[in-house]
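Secondary and tertiary structure notes
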Amino acid sequence: MKVIYTDSLVIGGGLAGLRVAIASMQRGFDTIVLSLVPAKRSHSAAAQGGMQASLGACIKGDGDDEEIHFADTVKGSDWGCDQDVARMFVNTSPKAIRQLSAWGVPWSRVRRGDHEVVINGKKVTITEKDEAHGLITARDFGGTKKWRTCYTSDGAGHTMLYAMDNKAIQMGIPVHERKEAIALIHEDGVCYGAIVRDLITGKLIAYVAKATTIATGGYGRLYAISTNAVISEGIGNAIALETGIATLGNMEAVQFHPTAIVPVGILTTEGCRGDGGLLLDKDGYRFMPDYEPDKKELASRDVVSRRMTEHMRKGKGIPSRYGDHLWLDITLLGRKHIEKNLREVKEICEYFLGIDPVEEYIPVRPTQHYSMGGIRTKPTGESPTLKGLFSAGEAACWDMHGFNRLGGNSVAETVVAGMIVGEYVADYCSENSLNVSTSTIQHFMKREEKKITDLLVRDFGENPFKLKAQMQKIMMDKVGIFRNGEDLEQAVEELKVLNQRAKRIALRNRISSSNPELVEAIRVPKMIKLAQCVAYGAMLRTESRGAHAREDYLERNDRDWLKRTLTTWKDDSADLPQVTYEDLDVMKMEMPPGSRGYGVDNTVHHPDTPKREQEIEDIKKANPGADRFELQELLNPIPIPEKFKGKNERIGRGFK
Amino acid sequence: MSDQERVLKFQIFRYNPQKQGDKPRMVTYEITEAPGMTIFIALNDIREHQDPSLQFDFVCRAGICGSCAMIVNGQPTLACRTLTSNYEDGQIKLLPLPGFELIGDLSVNTGKFMRAMSERVESWIHDAYADEVNFEKLEERMDPDVADEIYELERCVECGCCVSACATKRMRPDFLSAVGFMRLARYALDPRDKRSDEEFYEIIGDDDGVFGCMTLLGCEDYCPKDLPHQTQIAYLRRKMAFIR
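Reading the values: rules and limits
Residues numbered from 1 in each chain as written. Chains lettered and ligands numbered in written order. Predicted model: local features only at pLDDT ≥ 70, side-chain atom pairs only at ≥ 80, totals over all residues. Heavy atoms only, no water. Helix = DSSP H or I, 4+ residues; strand = E, 2+ residues; numbered from the N terminus. Buried < 20%, exposed > 50% of the residue type's maximum accessible area, 1.4 Å probe, protein only. Contact = heavy atoms within 4.5 Å. Areas by Shrake-Rupley, 256 points an atom, 1.4 Å probe, with all protein chains shown as cover. Lys, Arg positive; Asp, Glu negative; His and termini not counted. Charge placed at Lys NZ, Arg CZ, Asp CG, Glu CD. Buried area = accessible area lost by both parts, 1.4 Å probe. Polar contact = N/O pair within 3.5 Å; in protein donor to acceptor, adjacent residues only side chain to side chain. Nonpolar A, V, L, I, M, F, W, Y, C, P; charged D, E, K, R; others polar. Salt bridge = Lys/Arg side-chain N within 4 Å of Asp/Glu carboxyl O. pLDDT = per-residue confidence, 0-100. Pairing = 2+ DSSP bridges. Axes fitted to C-alpha atoms, helices over the stretch in contact; angles between N-to-C directions. Phe/Tyr/Trp six-rings, centres within 6.5 Å; stacked < 30°, edge-to-face > 60°. Expected span 1.5 Å × (residues − 1). Bend = angle between axes of the 7 residues up to and from the residue. Parallel < 35°, antiparallel > 145°, perpendicular 65-115°, else oblique.

**Brief notes about the overall build of chain A**
- Of the regular secondary structure elements, chain A holds 18 helices and 22 strands.
- Dimensions of chain A, computed from the C-alpha atoms along their principal axes, are close to 70 × 55 × 50 Å.
- When the 656 residues of chain A are sorted by exposure, 68% land in the buried category.
- Excluding contacts between residues fewer than 6 apart, the proportion of contacts in chain A whose partners are at least 24 apart in sequence is 73%.
- As displayed, chain A has an accessible area near 21000 Å², and 50% of this comes from carbon and sulfur atoms.
- In chain A, the 89 positive side-chain charges and the 90 negative ones have mean positions that sit 3 Å from each other.

Structure representation (structure tokens):
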């Protein structure tokens, strides 16, 4: 049995995983990163638009601060997020971006003087201040009050990932590439690493560690069409689920991005609309102002995606052999702007659609994009039920996004969570010793070996590629943007059948080393379980919140549903997961539930909401001299690692 | 996008070094073309319906991660964004990218090469104070044009096309190649990196470095991101010629 020991094992080499690894290494712990692919190829690189941090340097970001970023994030989440975590996040994001700047990200900078920009379909001139020249600038994104999304042209994720991986290389952090964690090792409620398959040799290796962090990204590939990379299959989430101890949070919270190209589902950044692009229907008509007169194309993502779908259902879509779509018009931004700030978008249009977006409209439609759900963690990033297991980034339900994530808050989360969770991982490594028995390691190793052997000797059975395609179709057709009880019940039943069939997979190519069919055979049963968590959670949640939109339960129901879905899979032979709920405590909220300001407000309010509102009023009255920091301390005291506690400086405002 | 259905003929290099006794060979697969079909779609179709053992690497399938470079009809390129309709006779020959360790079929180990390259050119900001930076304070300012220029050079996706297209690399196994020069040029341009020209010379000032380049410029011709390799190699060479 091959065993590799380390202090901090990080599964996933994207932004979140690398940042956790850097934090462990900085604190002197032996660290190993496992990755399916070379780290710089992780899906973090695909983030085009940018990272939200309330630096407030550009003129349209003037006056921005943590309070406004916090309010936008909580509203965006439809009050489904953990406000402690959202608070930690907004306070740390400016530090994260400045650290990345020191580590080499060439963030686009403020340029003094007049600039012509497009706002609400019209050309206007804005004037950047002299004193802000050379500071990190920002662009507009959906659902935000200020221009807060800091960027590098439209390659923000790429430059962040390169800087982060280069930092990891500088520190000598080993990244073991082409390795897939297929099971967690655990004993008495404590996690001690993972059983890992080498994707080239096929050998199984036990990586035994004090702390294990899962940072494997989202589960977008449960859907047939997704903007996600092909490796975003949720396997990290699935191995946590399969412990029967760790819980997954809010798996039904799945985001659809308004503007992926048709048919292949590749993303065009929200920056297209942030920079002034418009959505048009088959008549060339700009329809969003009719639905959302205030924020128009820049309403929150879930809202825009639903409005687009509604509009297409009215027959206003452009028909194509791949179904209806709408147009994204960025022609009004002009060649110079597109070739500089939206160049990746231009390349994608040229290569995949054969069009020049400077001259022609882009065919788009809402497409699966982001997984708000994931491994449920405490604010420290540790699983509340499986000690020593941590998670960060999209793989986690740290829960700063609730039921809808704002554009620009995901890459921001990866690095901020990486910083914060990384410190707690290091704390855990220093406070705990590694005392797992060899027989436990052997037990998990043997179990996984047997599963693979069974696959390799079975003569007849199911085709893993076909099972996957069927699962993806069910998710597309029945667990999409708009959901209803009937479809969801069918999806749950159909997935149950697939779950059983997935136990009888047989291979045509029966070799244990490098073998794409075997990889699929190992992953597909895991993916089906995750799909069941999503569909079942969606069926049970009889309200509409954020991206979870029920046609049969239109209202957001705080009275009955202000809670987080928790999913476990205790018995591997069961054909459904177990679902419980954890209440969100209104009486502890810094920002009690209110209206997001989109469409008709038909919220069923929680009885505590007016009480908490009154309490906050009273606290404010009782402390008339309190500044925003003191007030936050009174309303929402949060734990945050010592080194990230300081206030953030802003131009023209100092540390106020 | 053509609506006409035609049958594509893929000739694909097959060899699995993990499998005892396996020999390199070309295998032909036929599939029906679909509108908007890319090589990514075609290869997955072949794997799912004809040969589940076929190895290849895709991650983003959107031309931004650099995983899928291979030789398509004699030319190195990103397979994911290559439309099958580009090939009029419907014949498509695929070979793994040369210059890298073969994993199997069309899959090569670019990751190992690129990590070594990054270590060799020390692909990070050299500044003793970078780790002590007080991130509560305003970040250090940068001229907006300089930031844009750095990004121009940082658009490299480490796909390896330049390495595979380089004749010098064929003759000198340790030749750094354009990807390494581009990375170094990016740091040389960055005011945050405090390395001197003498220090850069230590890395690239020999025949395995910038003086070994025969200026055939396959890198410039085949870079999927249209990076200015020619200009940067010339610039580095001139800069290095002034040292010693």
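**Here we look at the interface of chain A and chain B**
- Listed per partner, the contact involves 87 residues of chain A and 71 residues of chain B.
- Summing the contributions of chain A and of chain B, the shared interface buries around 6500 Å²; its carbon and sulfur component is 52%.
- Summed over the shared surface of chain A and chain B, the result is 43 residue pairs in polar contact (both at pLDDT 80 or more).
- Residue assignment for the side of chain A that touches chain B shows that the elements contributing at least two residues are α3 (83-102), α4 (156-170), β7 (175-177), α10 (343-353) and α15 (516-540) of chain A.
- Looking at the side of chain A that touches chain B, the element that brings in the most residues is α4(A), giving seven residues.
- Each residue belonging to the side of chain A that touches chain B can be placed in one class, and the counts come to 37 nonpolar, 27 polar and 23 charged.

**What to know about the side chain of A:R483**
Residues and elements named next belong to chain A.
- In this fold, R483 is placed in strand β19 (residues 482-483).
- No salt bridge is formed by the buried R483, whose closest oppositely charged neighbour, E252, lies at an N-O distance of 6.7 Å.
- Those residues in contact with R483 that sit more than four places away from it in its chain are Y223, E252, V254, F256, L488, A538, H548, A549, R550, E551 and D552.

**Considering the confidence of the model for chain B**
- Overall, the predicted model of chain B reaches an average pLDDT of 95, with 98% of residues at or above 70.
- Per the prediction output, this complex has pTM 0.97; the corresponding ipTM is 0.97.

**Structural notes on the sheet that holds strand β13 (residues 278-280) of chain A**
All names here are of chain A.
- The antiparallel open sheet is built from four strands, whose spatial order is β12-β15-β14-β13. Both outer strands of the open sheet, β12 (254-261) and β13, are each paired with one neighbouring strand and no more. In this sheet, neighbouring strand axes are inclined to one another by 45° on average, regardless of whether the strands run parallel or antiparallel.
- Contacts between α10 and the sheet are confined to β12 and β15 (362-371), with β15 contributing the most and set at about 110° to the helix.

**What about the packing of aromatic side chains?**
Residue and element names in this part refer to chain A.
- Applying the stated criterion across every chain yields a total of eleven aromatic pairs over all chains.
- Considering the side-chain rings of W327 and Y361, the 6.0 Å spacing of their centres and the 55° angle between planes classify their relative orientation as tilted. Taken together, the residues W327 in strand β14 (residues 326-329) and Y361 in the loop between α10 and β15 connect sequence positions 34 residues apart.
- Taking relative accessible area as the criterion, W327 reaches 22% and is therefore assigned partly exposed.
- Residue classification places Y361 among the partly exposed positions, given a relative accessible area of 33%.
- Aromatic side chains W561 and Y581 sit 5.2 Å apart centroid to centroid with 80° between the ring planes, which places their arrangement in the edge-to-face category. Separated by 20 residues along the polypeptide, W561 in helix α16 (residues 558-561) and Y581 in strand β22 (residues 578-583) bring together distant segments of the chain.
- Its relative accessible area of 29% is what places Y581 among the partly exposed residues.

**Examining the pairing of β15(A)**
All names here are of chain A.
- With ten of ten residues buried, β15 lies mostly within the body of the structure.
- Across six bridges, β12 lies against β15 in antiparallel orientation. Within β15, the position partnered with A260 by the bridge is R365.

**Observations concerning α15(A)**
All names here are of chain A.
- Its 25 residues place the ends of α15 36 Å apart at the C-alpha level, agreeing with the 36 Å of an ideal helix rising 1.5 Å per residue.
- Residue R523 marks the point of greatest curvature in α15, where the axis turns by about 30°; the proline P525 follows within four residues.
- Across the 25 residues that make up α15, a large majority, 22, are buried.
- Residue N515 occupies the N-cap position of α15, its side-chain oxygen lying 3.0 Å from the main-chain nitrogen of E517.

**Structural notes on the packing of helix α3 (residues 144-154) of chain B against helix α6 (residues 177-189) of chain B**
All names here are of chain B.
- In the contact formed by α3 and α6, the axes pass within 9 Å of each other and the chain directions differ by 170°. Between α3 and α6, the angle falls in the class roughly antiparallel. Listed contacts from α6 to V146, E149, I150, L153 and E154 of α3 are M182, A185, R186 and L189.
- Counted by class, the contact of α3 with α6 contains six nonpolar, no polar and three charged residues.

**Details of the environment of A:A502**
Residue and element names in this part refer to chain A.
- Take A502: it is sitting in the loop between α14 (485-501) and α15.
- Residues A502 and I528, 26 residues apart in the sequence, show an inter-C-alpha distance of 8.2 Å.
- With near-sequence residues (within four places) excluded, A502 lies in contact with L467, P525 and I528.

**What to know about the pattern of salt bridges**
- The tally for this structure, following the rule as stated, stands at 94 salt bridges over all chains.
- The salt bridge involving A:R596 is made with A:D78; its shortest N-O contact spans 3.8 Å. One end of the pair, A:R596, is in the loop between β22 and α17 (608-622); the other, A:D78, is in the loop between α2 (66-76) and α3, with 518 residues separating them in the sequence. As far as the burial class goes, A:R596 and A:D78 line up, both buried.
- When the shortest N-O distance is used, the salt bridge between A:E347 and B:K225 registers 2.9 Å. Linking A:E347 in helix α10 with B:K225 in the loop between α8 (218-222) and α9 (229-241), this pair reaches from one chain into another. Comparing A:E347 with B:K225, the two get one shared label, buried.

**Remarks on the sheet that holds strand β1 (residues 7-14) of chain B**
Residues and elements named next belong to chain B.
- Across the sheet, which stays open at both edges, the five strands sit in the order β2-β1-β5-β3-β4 with mixed pairing between neighbours. Strand pairing shows two members of the sheet lacking a second neighbour, β2 (25-32) and β4 (75-78), which therefore form its edges. Shown here is a sheet whose adjacent strand axes are inclined to one another by a mean of 35°, direction ignored.

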